[in-house]
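Now for the letters of each chain:
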Amino acid sequence: TGLPAVVGWDWHQRQQRVAYDGAVQARRAAVKEMYTTLDERRALDLLRQYQVGYVYVGPLERIYYPEAGLRKFERMVGDSLDVAYPDVAYPGAQVVIYRVRGNS
């Protein structure tokens, strides 16, 4: 997409940014928390802190992160998130992309 990510591929980041390993690890932890926390306010705070424009929830995220953590994004629609893909008329989609209001 050309859009920046909060953290790139872990091993590449650690190789290329040895002096910033702590920052890379902090970003990895923040991404994990974005997807796992049940606290919608905390998730939004992290999304804003890292200026996240879009949240991708696809098959890989569904494997790595608990369903309860992913479901919070659905609850945030209309308040702080919009569904960018697919159209909301397509329930049960494998891929949903949410746009963070005010960040994109």
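Please refer to the structure higher up on the page.
Anyway, here's the lowdown on the structure attached to this text. Because the structure is predicted, anything quoted here is derived from the model rather than measured. (Residues numbered from 1 in each chain as written. Predicted model: local features only at pLDDT ≥ 70, side-chain atom pairs only at ≥ 80, totals over all residues. Heavy atoms only, no water.)

## Examining the packing of aromatic side chains
Then step 1. The tally for this structure, following the rule as stated, stands at three aromatic pairs.
Then step 2. Both rings, one in tyrosine 35 and one in tyrosine 65, keep their centres 4.6 Å apart while their planes meet at 5°; by these two values the pair is stacked. With a gap of 30 residues between them, tyrosine 35 in helix α2 (residues 21-36) and tyrosine 65 in the loop between α4 (59-64) and α5 (67-76) connect regions that are remote in the sequence.
Then step 3. Classification of tyrosine 35 as buried rests on a relative accessible area of 11%.
Then step 4. Seen in terms of ring centroids, tyrosine 35 and phenylalanine 73 are 5.8 Å apart; in terms of plane orientation they differ by 80°. Their pairing is edge-to-face. Linking tyrosine 35 in helix α2 with phenylalanine 73 in helix α5, this pair joins segments that are 38 residues apart in sequence. Taken individually, tyrosine 35 and phenylalanine 73 each receive the classification buried, so the pair is uniform in this respect. (Phe/Tyr/Trp six-rings, centres within 6.5 Å; stacked < 30°, edge-to-face > 60°. Helix = DSSP H or I, 4+ residues; strand = E, 2+ residues; numbered from the N terminus. Buried < 20%, exposed > 50% of the residue type's maximum accessible area, 1.4 Å probe, protein only.)

## Re the side chain of lysine 72
Then step 1. Topologically, lysine 72 is positioned in helix α5.
Then step 2. Only 2.9 Å separates the side chain of lysine 72 from the backbone oxygen of threonine 37, close enough to count as a polar contact. (Polar contact = N/O pair within 3.5 Å; in protein donor to acceptor, adjacent residues only side chain to side chain.)

## A short note on the pattern of salt bridges
Then step 1. Under the definition given, this model contains six salt bridges.
Then step 2. Here arginine 41 and aspartate 45 are joined by a salt bridge, their closest N and O atoms 3.5 Å apart. Remark: aspartate 45 and arginine 41 occur in helix α3 (residues 40-49); sequence separation between them is four residues, near one turn of the helix.
Then step 3. Judged by relative accessible area, arginine 41 falls into the exposed class, the value being 52%.
Then step 4. A salt bridge links arginine 71 to glutamate 67; its shortest N-O distance comes to 3.9 Å. In this pair, arginine 71 and glutamate 67 both sit in helix α5, four residues apart, roughly one turn of the helix.
Then step 5. Beyond isolated ion pairs, a larger network of salt bridges with shared partners links Asp82, Arg99 and Arg101. (Salt bridge = Lys/Arg side-chain N within 4 Å of Asp/Glu carboxyl O.)

## With respect to the packing of α3 against α5
The angle between the axes and the distance between the axes are what describe a pair of packed helices.
Then step 1. It is the contact of α3 with α5, at a shortest axis distance of 10 Å, that shows an interaxial angle of 85°. As summarised for this structure, α3 and α5 are arranged roughly perpendicular, according to the angle between their axes. Residues Glu40, Ala43 and Leu44 of α3 form the contact with α5, whose own contacting residues are Lys72, Arg75 and Met76.
Then step 2. For the contact of α3 with α5, the class distribution of residues is three nonpolar, no polar and three charged. (Axes fitted to C-alpha atoms, helices over the stretch in contact; angles between N-to-C directions. Parallel < 35°, antiparallel > 145°, perpendicular 65-115°, else oblique. Contact = heavy atoms within 4.5 Å. Nonpolar A, V, L, I, M, F, W, Y, C, P; charged D, E, K, R; others polar.)

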